[in-house]
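Read off the chains here:
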Amino acid sequence: MKKGIIILFAATLGLAACNNYKKGPGGLMYQIHNDGGKEKIKEGDIVKLNFIQKNERDSVMFNTYDMEQPQIFPVGKKVYAGDMNDVLYLFGEGDSATFKLNLDTMAKHSGQPKPPQNAKDTYIVFTVKVEKVLKKTAGEADSAFQKKAQEFFQKDYQADVAKKKGAEAGKIKNFIEDKKLKTQTTATGLQYVITNPGTGPKPVLGDTIMLNYTGKLLTKKADGSEKIFDTSIEKVAKDAKIHNAMAQYAPRPFTIGNAIPGFDEGYQLIGKGGKITLIIPSSLGYGEGGQPQAGIAPFSPLCFEVEIVDIKKPKTAPAAAPVAPAPVK
């Protein structure tokens, strides 16, 4: 939850100019796309939001729809007219809107400089859909409200996870059909396509396997591009906008048993120089918990494109030196 608060707070630093904006407090500009007519959000409410954050040049910086995970956080007291909380006071459950806040105004009131990635921007685009508002009733004790909120959103989360679980088989089927893949299936449920079997023996326990790989989700982003979450290939990382200047883009070492089960099982099906596409169900991946920091939601099936660049056998331990017999007394 704290991570979501930080992201949302940063996201409100500004918006690209749009037509038909209304003026709000503190120079705020906003445009309501849908008004559900429900009571407006107030300080102390807890909200569940989907949002798309863009910079002034229309580049997407964060998208909860792509992550398939809305953000939940408490609405605080506004610090200045037109800040993030002040914006939310304009909307209610079911509303969707786009608003813009000035980066320089935010920097002035927060005492923090503009983020480096927004140094040339005046605004950031922030489009929001208010999915749920849990309101604190008059006279309700804070402890009682927090307990109610925890129970409500835990139940909401479980319902969302159950929905994702039910949709998994359909995601796999649609992905395979869309890519026109002719897969084979192992006893564990791993599906795969070998495009190059490679040469020589396949990896065995104790080997160090040098791999190039790209991992992605089976659903696409809002713009139609693939949801790549990890890769060892620098060009792929740059094209997918997940490039990390601290990462070393080169074949990476793996040993059997140190990756998710579907990945481990899959690369053992090919030899050196081999290439394979793996369709990994969540039971052989990150399961019910997902991998939130990588944008992998619960019950997410995955696709990995893998190439074995090299297989390094363990070095043979040097023979022990002969032990001299004990002297006879």
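Quick caveat: nothing in here was measured; it's all calculated off a predicted structure.

Turning our attention to the pairing of strand β5 (residues 71-74). Side-chain alternation along β5 places Q71 and F73 on a buried face and I72 and P74 on a face that remains uncovered. Sheet topology places strand β3 (residues 46-55) next to β5; four bridges connect them, and they run antiparallel. Across the sheet, V47 pairs through a bridge with F73, a residue of β5.

Moving on, we come to the layout of surface pockets. Its boundaries defined by the atoms lining it, the largest pocket holds a volume of some 940 Å³. If you trace the largest pocket, you find 28 residues lining it, with M61, K221, A240, K241 and I242 closest to the centre. Sorting the residues of the lining of the largest pocket by element identifies β3, β4 (60-63), α2 (64-67) and β11 (226-231) as the ones contributing at least two each. Split by residue class, the lining of the largest pocket holds 13 nonpolar, five polar and 10 charged. Of the domains in this structure, domain 1 (22-136) and domain 2 (170-312) are the two that each give at least three residues to the lining of the largest pocket.

This model, assessed by the stated rule, comprises 13 aromatic pairs. For the pair F152 and F153, a centre-to-centre distance of 5.0 Å together with 90° between the ring planes defines the contact as edge-to-face. Summarising the aromatic geometry, the rings of F229 and F304 are spaced 5.7 Å apart at their centres and angled 90° between planes, so their arrangement reads as edge-to-face. On the criterion of sequence distance, the pair formed by F229 in strand β11 and F304 in strand β14 (residues 302-312) is long-range, its members being 75 residues apart. An aromatic cluster is defined as three or more aromatic residues linked by ring pairs; in this entry it consists of Y30, F51, F62, F91, F99 and F126. Sitting over the ring of Y21, K100 keeps its end group 5.0 Å from the ring centre. The aromatic ring of Y123 is capped on one face by K100, whose charged end is 5.0 Å from the ring centroid.

On to the UniProt feature "domain: PPIase FKBP-type" (unreviewed entry) in the protein. Within this numbering scheme, the UniProt entry marks residues 206-312 as carrying the feature "domain: PPIase FKBP-type" (unreviewed entry). Within residues 206-312, the helical portion is 12% and the strand portion 36%, while the C-alpha atoms at the span's ends are 9 Å from each other.

Before going further, it helps to spend a moment on empty space enclosed by the protein. Considering all chains together, one arrives at one cavity of 30 Å³ or more under this definition. As a volume, the largest cavity reaches approximately 40 Å³. Taken together, E68, K171, L217, L218, T219, S300 and P301 make up the full set of residues lining the largest cavity. Tallying contributions element by element places strand β10 (residues 208-220) first for the lining of the largest cavity, with three residues. For the lining of the largest cavity, the class distribution of residues is three nonpolar, two polar and two charged.

Many authors give the size of an interface as the accessible area that is lost as the parts come together. When its domains are assigned, the protein resolves into domain 1 (22-136) and domain 2 (170-312). The partner domain 2 presents nine residues to the six residues of domain 1 that form the contact. In total, domain 1 and domain 2 occlude about 550 Å² of area from one another, counting both sides; carbon and sulfur atoms represent 40% of this. Three residues, D66, M67 and E68, lead the burial of domain 1 against domain 2; their summed loss comes to 80% of the area buried on that side.

Mapped onto the elements of the fold, Q268 is located in the loop between α7 (261-267) and β13 (275-280). The spacing of Q268 and E177 is 91 residues in sequence and 25 Å in space, taken between C-alpha atoms. Ignoring any residue separated from it by four or fewer positions in sequence, one finds Q268 in contact with K202, P203 and I256.

Our focus in this paragraph is unusual backbone geometry. One non-glycine residue with positive phi stands out, namely K241, at about 60°. Its place among the elements puts K241 in the loop between α6 (234-239) and β12 (252-254). Located in the positive-phi region is F299, a residue other than glycine, with phi close to 55°. Structurally, F299 can be placed in the loop between β13 and β14.

Cut-offs used in this document
Within each chain, residues carry numbers counting from 1 in the order of the written sequence. Only residues with pLDDT of at least 70 are given local features in this predicted model, and only at 80 or more are side-chain atom pairs given and counted; all residues enter the totals for whole chains, interfaces and linings. Only hydrogens and water are set aside when side-chain values are computed; all heavy atoms of the structure are taken into account. Each residue gets one of three labels from its accessible area relative to the maximum for its type: buried under 20%, exposed over 50%, partly exposed in between, using a 1.4 Å probe on protein chains only. Runs of H or I in DSSP of at least four residues are treated as helices and runs of E of at least two as strands, each being numbered from the N terminus. What makes two strands pair is DSSP finding at least two bridges between them. With a 1 Å grid spanning the protein atoms alone, the term cavity applies to any set of points in which a 1.4 Å probe fits but cannot get out, the term pocket to an open set with protein on both sides within 12 Å along at least five of seven lines, and the term lining residue to any residue with an atom within 4 Å of a point. Grid points are joined across faces, edges and corners, and a volume is the space filled by probe spheres set on the points. Throughout this entry, Asp, Glu, Lys and Arg are counted as charged residues, while Ala, Val, Leu, Ile, Met, Phe, Trp, Tyr, Cys and Pro are counted as nonpolar. The remaining residues, Gly among them, count as polar. The split into domains, and so the bounds of each, comes from an automatic or database assignment of domains. Two aromatic rings from Phe, Tyr or Trp, using only the six-membered ring of Trp, form a pair when their centres are within 6.5 Å; if the ring planes differ by under 30 degrees the pair is stacked, by over 60 it is edge-to-face, and anything between is tilted. Either the NZ atom of lysine or the CZ atom of arginine qualifies as a charge over a ring when it sits within 6 Å of the ring centre and within 35 degrees of the ring normal. UniProt positions are given in the numbering used here, feature names are shortened, and annotations may be inferred rather than shown by experiment. The criterion used for residue contact is that any of the two residues' heavy atoms lie within 4.5 Å. Summed over both partners, the accessible area lost on bringing two parts together, with a 1.4 Å probe, is the buried area.

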